[in-house]
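One letter stands for each residue in the lines below.
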Amino acid sequence: MTEIALATRRLAGRIDPVVLVVLLAFALLTALAPAQAVESLRFTGDALVGVSVFLALSIGVAAYAKASGADALIARAFTGNLPTMIVAAALMGALSPFCSCGVIPLIAALLAMGVPLAPVMAFWLASPLMDPSMFLLTAGTLGTTFAVFKTVAAIAIGLLGGFGTAAIVRTGWIAEPLREGVGNGGCGASSIRNPKAVAWRFWGEPARRERFAKNALDNTLFLGKWLAIAFFLESLMLAYVPAEQVSSLIGGDGWLTVLGATAVGVPAYLNGYAALPLVGGLIEQGMAPGAGMAFLLAGGVSSIPAAIAVWALARPPVFAAYLGFAFLGAFAMGGLYGLVG
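**Remarks on the overall build of the chain**
Phase 1 of the analysis: Of the regular secondary structure elements, the chain holds 17 helices and zero strands.
Phase 2 of the analysis: Put simply, the chain has 341 residues, and 45% of those count as buried.
Phase 3 of the analysis: At a minimum sequence separation of 6, the contacts of the chain that also span at least 24 residues come to 84%.
Phase 4 of the analysis: Approximately 16400 Å² of the chain is accessible, and the part contributed by carbon and sulfur atoms is 69%.

Structure, rendered in structure tokens:
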């Protein structure tokens, strides 16, 4: 009996809880509404095929950056005088291929080595919002104009956080950014501490080829999972959320709509890739584009999983500044997109 219990526990530990919840939801949908279950399955499959080109490109870009060592170029963003460092960090954060799970140890390494908090904050805010993978998938689901503006918004929010943090640090409100005991840098620190030359033609080295294959597989599983979940949820949203209700709640063009979407973006946002088709569906049902932009920006920086990681790493004043700049930047850029988008 004990062996059975241990085996069951080990099996449960290998199952992705997110996937398990979705499978249970699909089983429940099949039992209660079999016709909708079939329609949701068809919708999800068609949507995945439609975005497959962008998905393949995003996976290739991320895997190439990892295998070639191009991610080590991030170290160059943190040299020079403070204003230059902030601008470079915001640009690098918005354009770098770092995933959300790799940013936290990287940030810890930078702060532990004495890199000023202001440029680190600029990179920290911009990085979760946009990267090559996110740009391609955003263009594929919401259009190129939306993707370009979101890239500009990521840089702008990074600049806001960087220069705003520099001003706060000068007041003495923030002295030590990291919590006690944090700062070994983790697995993401090596490229900062010991930057190496980039092997642009990495395929000549077996170890780099293996790294490329592993990264591509990991990204395929990760992106495939979240996109499948997102399209499944979008199918349910289109089936059961009345367009009139969406339009009446968040379909207006006023600043209150953008403010509401910014506030809702934090608890309702699960994953950057999963949010794209969901926001696309909401915009089709009447959600203002500016509100959709604000939702993606606010949630991308300060979603609950990201906020938990930041709270575990940084002291409360840094955490408060992080959330404050994220909210203010998302609201401002969402409102601007509503005017020009």
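**As for the pattern of salt bridges**
Phase 1 of the analysis: With the rule as written, the count across this model stands at four salt bridges.
Phase 2 of the analysis: Close ionic contact of Arg42 with Asp46 constitutes a salt bridge, the shortest N to O distance being 2.7 Å. Of this pair, Arg42 and Asp46 both sit in helix 3 (residues 34-50), four residues apart, which is roughly one turn of the helix.
Phase 3 of the analysis: A relative accessible area of 41% means that Arg42 is categorised as partly exposed.
Phase 4 of the analysis: Judged by relative accessible area, Asp46 falls into the partly exposed class, the value being 44%.

**As for the side chain of Asp131**
Phase 1 of the analysis: Turning to its location among the elements, Asp131 is positioned in the loop between helix 7 (117-126) and helix 8 (132-142).
Phase 2 of the analysis: Despite its burial, Asp131 pairs with no opposite charge, the nearest such side chain being Lys150 at 8.2 Å.

**A few points about the packing of aromatic side chains**
Phase 1 of the analysis: Tallied over the entire structure, the rule returns seven aromatic pairs.
Phase 2 of the analysis: Between Phe26 and Phe232, the aromatic rings sit 6.0 Å apart at their centres with planes inclined by 65 degrees, giving edge-to-face as the arrangement. Here Phe232 lies in helix 11 (residues 206-240) and Phe26 lies in helix 2 (residues 17-32), a separation of 206 residues in the sequence.
Phase 3 of the analysis: On the basis of relative accessibility, which here comes to 7%, the residue Phe232 falls in the buried class.
Phase 4 of the analysis: Cluster of aromatic residues (ring-pair linked, three or more members): Tyr64, Phe202, Trp203 and Phe212.

Definitions and limits used
- Residue numbers run consecutively from 1 along every chain, following the written order of its sequence.
- Per-residue local features are limited, in this predicted model, to residues with pLDDT of at least 70; the limit for side-chain atom pairs, both in listing and counting, is 80 or more; totals at the level of whole chains, interfaces and linings are taken over all residues.
- To get the side-chain values, take all heavy atoms of the structure and skip hydrogens and water.
- Per the convention used, a helix needs a DSSP run of H or I reaching at least four residues, while a strand needs a run of E reaching at least two, with both numbered from the N terminus.
- Think of it in three bands: with a 1.4 Å probe and only protein chains considered, a residue is buried below 20% of the maximum accessible area for its type, exposed above 50%, and partly exposed in between.
- Pairs of residues are marked as contacts when any of their non-hydrogen atoms sit within 4.5 Å.
- Under the convention used here, a 1.4 Å probe and the Shrake-Rupley method define accessible areas, while residue burial counts only the protein chains that appear.
- For this analysis, a salt bridge means a side-chain nitrogen from Lys or Arg found within 4 Å of a carboxyl oxygen belonging to Asp or Glu.
- Counted as positive: Lys and Arg. Counted as negative: Asp and Glu, with His and the chain ends omitted from the count.
- Think of it this way: a Phe, Tyr or Trp ring, Trp meaning its six-membered ring, pairs with another when their centres are within 6.5 Å, and the plane angle makes it stacked under 30 degrees, edge-to-face over 60, tilted otherwise.

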